[in-house]
Amino acid sequence: MRSYFKLVNFELGRFMKIYLVLIGITIISQIAGVIVKSRGYLSEANQAIIVNSMPKEQFLEQFGQMSMGTFTQSIWFMGPIALCIAALIFYCFFIWYRDWFGKNTFIYRLLMLPTARLHVFLAKVTTIFLLVIGLVSIQLILLPIESMILKFIVPIDLRADLGIMEIISNSRYLFVLVPDSFIQFIINYGIGFMVVFIIFTAILFERSFRLKGILLGIVYSVLSIIVFIFPLLLEIFFGVNYLYPTELFVTEVILAIIVICAAIWTSNYLINKKVTV
Amino acid sequence: MKVSFNKREPVYVQVVQHFKEQIATGNFEPGQEIPSRRELANQLKINPNTAQRSYKEMEEEGLIYTEGNSPSKITSDEKVIKAVREELISQAVDSFVTSIRKVNVPIDELIGLIKEKYTENANE
Amino acid sequence: MIEVKDLTKRFGRKKVLNGVSFTAEKGQITCIIGINGVGKTTILNGIMNLTPMNSGLILIDGKKVSKESYEKITFIPDAITMLPQMTIREAMQFMQDFYNSWNEERANELLGFFKLKQEERISNLSKGNTAKVNLLLGLALDVDYLLMDEPFSGIDIFSREQIADVFTSHLVEDRGVIITTHEINDIEHLIDKVVLLDNGVVLKEFNAEEMRASEGKSVIDVMREVYKG
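Residues numbered from 1 in each chain as written. Chains lettered and ligands numbered in written order. Predicted model: local features only at pLDDT ≥ 70, side-chain atom pairs only at ≥ 80, totals over all residues. Heavy atoms only, no water.

Caption draft 1: Quick peek at the overall build of chain B. Scanning chain B from N- to C-terminus turns up five helices and two strands. Counting helices and strands in the order they occur from the N terminus, chain B gives α-α-α-β-β-α-α. A compact globule built from 124 residues should have a C-alpha radius of gyration of about 14 Å, whereas chain B, at 17 Å, is more than 25% larger. In terms of overall dimensions, chain B has C-alpha extents of about 55 × 35 × 30 Å along its principal axes. Of all intrachain contacts in chain B linking residues separated by at least 6 positions in sequence, the fraction that spans at least 24 positions is 55%. When the accessible area of chain B is evaluated, it comes to approximately 8200 Å², of which 50% is carbon and sulfur surface. For chain B, the distance from the average site of its 17 positive side-chain charges to the average site of its 20 negative ones is 7 Å. (Helix = DSSP H or I, 4+ residues; strand = E, 2+ residues; numbered from the N terminus. Rg over C-alpha atoms; globule rule 2.2 N^0.38 Å. Contact = heavy atoms within 4.5 Å. Areas by Shrake-Rupley, 256 points an atom, 1.4 Å probe, with all protein chains shown as cover. Lys, Arg positive; Asp, Glu negative; His and termini not counted. Charge placed at Lys NZ, Arg CZ, Asp CG, Glu CD.)

Right, dumping it as structure tokens:
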């Protein structure tokens, strides 16, 4: 178990530089964005109300109030989030392939550690999990700060103040990342991590059987997804719909656990018996 | 210590031969400590197992001896040293005679030549 | 003792190993010789369970390879197995973190022996020094068996001599060593046992010193006979 934690620590360290850069970009872009957007709005308001002597009410009617809701729709806000998501999806693959490629084939070392090889697998899953949670936490810390900056720049009669939960539920994308209920949180991240497990297992298929492995990996992934969405398929194709929402939820949780267990079992088998350097 | 080995003769035999030469010429003095098998392997760039085998061989022939845990030493037995010297001389003479016999040189001429060359080389 | 029994391995349709069997004793240096591409590396990968075999059996002191084996046997591949951005110190720290058999004292001794500087980055090292770090990371483990893949290939003559010195030193003594090579010249006097490999089978397995004693043949003589015959 100790070596599992050491591996997690080690894997985090390997991505830390890029990770810090991603966080840096997010902070700079969002803070700069909220300033630029707020000031832009304010100068528009000045232009309209003072220079063009438009009544304030008419301006607000035409342009709406400035709020965090407006800001979170902008590229300043969404851009870095999209970048982080793309980087982490890419890293889901690279976290494995980087050990094989290049002159320094680190996979030799990882496979020759005097520890269960499954730890290597689980450490990589955990790393991705922690990286995601970390970014979401940073975002949650940034939101109130950005809200404060906006309040500081835009006068109270031109803005609509939103609480953090309101900001989140106003944005479709943020709502996926930070759901408003614990259950929804478990669903979103549970599905996300089930997908990571499936991807990792598919990668191990490829690393074990190479070309043939790609095919096996795809077949395996499709099967896993079919198992998971089986109740939905029944509903769509056969109109069978005899589960209450809570029953459906429990069924899906059980199916997800089955899919994840199957992924771990398969990966354990592959990484011990079939994988090749 | 630097020895160039030939590849067809067992290395341990060549090591023993090397020791005999050093003993016969007095480079290794009676009672002198010799390197451990590991040191010897390292100096001669040979396998430690081979060094071990050389020492075993030499111990059996009485060229070296070991008392308790102290390092092995070159024998002080005059008879052994004398025998080694004679063995080497007779080996060298034998091989010389074998090759010179093919040329068929009269013995007096040969002795003259040997004297001349031997002193000439020694003076260099 | 490492026992390799009847290994077969196919890559696609190509049979790389076709029933390879041999043994390597503790306290001896066993050398697997064969031209490039005859499956020498595959055998070592197989022993370490780094690539699956199609059939055959590998036993280390009578036991199959498991995670515990990696504290008893180690493999030094022909390329370094550490991250290039690590310093030598960090690489050593990594080993210490994960291996109980890591011997820090020996590691430091090796640093001196190879004249390496701890704070240097692996990516900045010369080929010869990279090979030495690679060797250091393996040799500093207190393991019974060491496997080395072509430790002499592609490096300068002085590094080669230094590495050859390792074999005659206490760093290797009493351990079982398997090395692969396609070039026997440098190390003919260092090895105990020779395994000649060709076309996925062992052509001959013999003790070098016994061969010289009984038949007056050098390793190269035997190779010449076997490969040309």
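Caption draft 2: Structural context of the interface of chain A and chain C. The interface of chain A with chain C comprises 25 residues on the first partner and 26 residues on the second. Interface of chain A and chain C: buried area, both sides summed, is about 2300 Å²; carbon and sulfur atoms make up 63% of it. The three residues of chain A that bury the most area against chain C are Arg 109, Met 112 and Pro 114 of chain A, which together make up 30% of that side's buried surface. Run the count over chain A and chain C and you get zero salt bridges. Taken together, the connections running from chain A to chain C amount to nine residue pairs in polar contact (both at pLDDT 80 or more). (Buried area = accessible area lost by both parts, 1.4 Å probe. Salt bridge = Lys/Arg side-chain N within 4 Å of Asp/Glu carboxyl O. Polar contact = N/O pair within 3.5 Å; in protein donor to acceptor, adjacent residues only side chain to side chain.)

Caption draft 3: Region of the structure containing the pairing of strand E3 (residues 29-33) of chain C. All names here are of chain C. The buried fraction of E3 is high, at five of five residues. Residues Ile 29, Cys 31 and Ile 33 of E3 are buried on one face, and the alternating residues Thr 30 and Ile 32, pointing to the opposite face, are buried as well. Direction of pairing for E3 relative to strand E7 (residues 176-181): parallel, over a ladder of five bridges. Counted as the bridge partner of Ile 33 is Thr 181 from E7. Summarising the sheet, E3 and strand E8 (residues 193-198) pair through four bridges and their orientation is parallel. Paired with Ile 33 across the bridge in E8 is Leu 196. (Buried < 20%, exposed > 50% of the residue type's maximum accessible area, 1.4 Å probe, protein only. Pairing = 2+ DSSP bridges.)

Caption draft 4: Broad picture of the interface of chain B and chain C. Listed by partner, the interface residues are 19 residues for chain B and 24 residues for chain C. Where chain B abuts chain C, roughly 1800 Å² becomes buried across the two surfaces, and 44% of that area is made up of carbon and sulfur atoms. Applying the counting criterion to the chain B and chain C interface returns three salt bridges. Residue Asp 221 of chain C pairs with Arg 8 of chain B through a salt bridge whose shortest N-O separation is 2.4 Å. Remark: the boundary between chain B and chain C carries ten residue pairs in polar contact (both at pLDDT 80 or more). Residue assignment for the side of chain B that touches chain C shows that the elements contributing at least two residues are helix H1 (11-24), helix H2 (37-44) and helix H3 (48-61) of chain B. In terms of residue class, the side of chain B that touches chain C is made up of seven nonpolar, five polar and seven charged. (Nonpolar A, V, L, I, M, F, W, Y, C, P; charged D, E, K, R; others polar.)

Caption draft 5: A look at the pattern of salt bridges. Taken as a whole, this structure holds 25 salt bridges over all chains when the rule is applied. Between Asp 221 of chain C and Arg 224 of chain C there is a salt bridge, and its shortest N-O distance comes to 3.3 Å. With Asp 221 of chain C and Arg 224 of chain C both in helix H7 (residues 219-228), this residue pair falls three residues apart, about one helical turn. Residue class for Asp 221 of chain C comes out buried when judged on its relative accessible area of 11%. Within this structure, Glu 11, Arg 14, Asp 99 and Lys 124 of chain A form a network of salt bridges that share partners.

Caption draft 6: Region of the structure containing the sheet that holds E8 of chain C. All names here are of chain C. Spatially, six strands are ordered E5-E6-E7-E3-E8-E9 in an open sheet, and the strand pairing comes out mixed. A single partner strand is all that each edge strand has here, and the edge strands are strand E5 (73-76) and strand E9 (201-207). Looking at each pair of strands side by side, their axes are set apart by 15° on average, direction ignored. Where E5 lies against strand E6 (residues 145-149), four bridges are found, and the strand directions are parallel. (Axes fitted to C-alpha atoms, helices over the stretch in contact; angles between N-to-C directions.)

Caption draft 7: Looking closely at the side chain of Ser 221 of chain A. Within the fold, Ser 221 of chain A resides in helix H9 (residues 182-228). If sequence neighbours within four positions are ignored, Ser 221 of chain A has contacts with Ile 198 and Ala 202 of chain A.

Caption draft 8: Structural context of helix H1 (residues 2-51) of chain A. All names here are of chain A. Between its first and last C-alpha, H1 extends 68 Å over 50 residues, near the 74 Å set by a 1.5 Å rise per residue. Where H1 bends most, at Met 16, the angle is about 55°. Directly after H1, the chain includes Ser 53, whose backbone phi takes a positive value near 40°. (Expected span 1.5 Å × (residues − 1). Bend = angle between axes of the 7 residues up to and from the residue.)

Caption draft 9: Local environment of the sheet that holds strand E2 (residues 14-24) of chain C. Residue and element names in this part refer to chain C. Here three strands make up an open sheet; going across it, the order is E2-E1-E4 and the pairing antiparallel. In this open sheet, the two strands that pair with only one neighbour each are E2 and strand E4 (55-60). Neighbour-to-neighbour, the strand axes of the sheet open up by a mean angle of 20°, direction not taken into account. Alignment of strand E1 (residues 2-11) against E4, held across five bridges, turns out to be antiparallel. Each residue of the ladder has a partner; that of Glu 3, found in E4, is Leu 59. Lying over the sheet, helix H1 (residues 40-47) contacts E1, E2 and E4, oriented at roughly 65° with respect to E2.

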